[in-house]
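# Residue-level structure breakdown
Listed below are the residues making up each chain.
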Amino acid sequence: MRRSNLVLAGSALALLFVLICGPARTYTPVPVPAWDYVSGEFPEAPPDLPDGDRRSFEKGWRNLVEGDLESAAGELERLERRHRGNASVETAVGFLELKLGDRRAAESRFRTVLESAPTLSAAQVGFVLTALAEDREEVAFERLLVLEKEHPEHELVRDYLPDLQLKLAETKLQSARSFRREKLYEEAAADYREALRIAPEVGGLY
């Protein structure tokens, strides 16, 4: 009888622990478009960190790139607590959040980093990838333009911007032609102007 009571008490405590702490955290990676471009963003640890933390950053970043998200979280989240507001550390944690599927948190973190470090290519890349992960192509295009302005030779710009530019311009052209057939000329003109903004080199649109 006493043993049965102990078992019940233990079960109740375990249930209470789960209710208080919530389900165990999982570290299953989710697919992220253009994720391969992330690996080159931090070729070395941020120079403003102490030596020991630089080693932790390198280890955490390597784990993240290689897909060991639990180990990456252990290193990078600890650094984030120690160096809250450090642009490079915050960006690395943003990539971790993105790979774990928490796109909203990643989006917010990249945006905050870019407010204080607007030219940091890693944060700009993360900002692009959050939009691509949610199929927000127009948003991704605008963010790629910002990346191109600051880092025109970046591989993500080279490989993604031309195709996205062509696709979005063609979509606006088709919409403009449809409006014109319906004699909705103001709407057609607005879409033609947007197509020109997206692809200004297409002189025939004028």
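Look above for the structure.
This report concerns the structure included in the present document. For every chain, the first residue of the written sequence is number 1, and numbering continues from 1 along that sequence. Given that this is a predicted model, residues contribute local features only at a pLDDT of at least 70 and side-chain atom pairs are listed and counted only at 80 or more, while totals for whole chains, interfaces and linings are drawn from all residues. As a rule here, side-chain values cover all heavy atoms of the structure and leave hydrogens and water aside.

## Side note on the overall build of the protein
- Each helix and strand in the protein was counted, giving 9 helices and 0 strands.
- Across the protein, helices and strands are ordered from the amino to the carboxyl terminus as α-α-α-α-α-α-α-α-α.
- When accessible area is computed with a 1.4 Å probe and restricted to protein chains, residues below 20% of their type maximum are described as buried, those above 50% as exposed, and intermediate ones as partly exposed. Each of the 206 residues in the protein was classed as buried or not, and the buried ones make up 40%.
- Contacts between residues were defined by any pair of non-hydrogen atoms, one from each residue, lying within 4.5 Å. Within the protein, residue pairs in contact and separated by at least 24 positions form 52% of the contacts whose partners lie at least 6 positions apart.
- Summed over all atoms, the accessible surface of the protein reaches about 12400 Å², with 53% contributed by carbon and sulfur. The helix and strand labels rest on DSSP assignments: H or I over at least four residues marks a helix, E over at least two residues marks a strand, and numbering proceeds from the N terminus. Note on areas: Shrake-Rupley, 1.4 Å probe, and residue coverage restricted to the protein chains presented here.

## Here we look at helix α9 (residues 185-198)
- To estimate the expected span of a helix, count its residues, drop one, and scale the result by 1.5 Å. When the terminal C-alpha atoms of α9 are compared, their 20 Å separation across 14 residues agrees well with the 20 Å that a helix rising 1.5 Å per residue should span.
- Three or more residues of α9 are buried, namely A188, D191, Y192, A195, L196 and I198. Seen from one end, α9 has its buried residues packed into an arc of 160°, which puts them on one side. Structural note: α9 exposes E186 and R193 on the side pointing more than 90 degrees away from its buried face. What the arc measures is the spread of directions leading from the helix axis to the C-beta atoms.

## Some details on the packing of aromatic side chains
- Note on ring pairs: Phe, Tyr and Trp rings are taken, using the six-membered ring of Trp, and paired if centres are within 6.5 Å. Classes follow the plane angle, with under 30 degrees stacked, over 60 edge-to-face and the rest tilted. Within this structure, the stated rule accounts for 7 aromatic pairs.
- Centroid distance W35 to F95: 6.1 Å. Interplanar angle 75°. Geometry classified as edge-to-face. Residue W35 is found in the loop between α1 (2-21) and α2 (51-66), and its partner F95 is found in helix α4 (residues 87-99); the two are separated by 60 residues along the sequence. Here W35 matches F95 in class, with each residue buried.
- Relative to F95, the ring of W61 lies with its centre 5.8 Å away and its plane at 70°, an arrangement referred to as edge-to-face. In this pair, W61 sits in helix α2 while F95 sits in helix α4, placing the two residues 34 residues apart along the sequence.
- A residue is classified by how much of its surface remains accessible, and F95, at 0% relative accessible area, is buried.
- These aromatic residues form a ring-pair network of at least three members: W35, F42, F57, W61, F95 and F110.
- Comment: the charge-over-ring label is applied if NZ (Lys) or CZ (Arg) is within 6 Å of the ring centre and within 35 degrees of the ring normal. The ring centre of F127 lies 3.4 Å from the NZ or CZ of R143, which sits over that ring.

## Quick notes on helix α7 (residues 137-150)
- Given a rise of 1.5 Å per residue, 14 residues ought to cover 20 Å, and the 20 Å separating the end C-alpha atoms of α7 matches this to within 8%.
- By the burial criterion, the buried members of α7 are A140, F141, R143, L144 and L147.
- The elements touched by buried residues of α7 are α5 (103-116), α6 (121-133), α8 (155-181) and α9.

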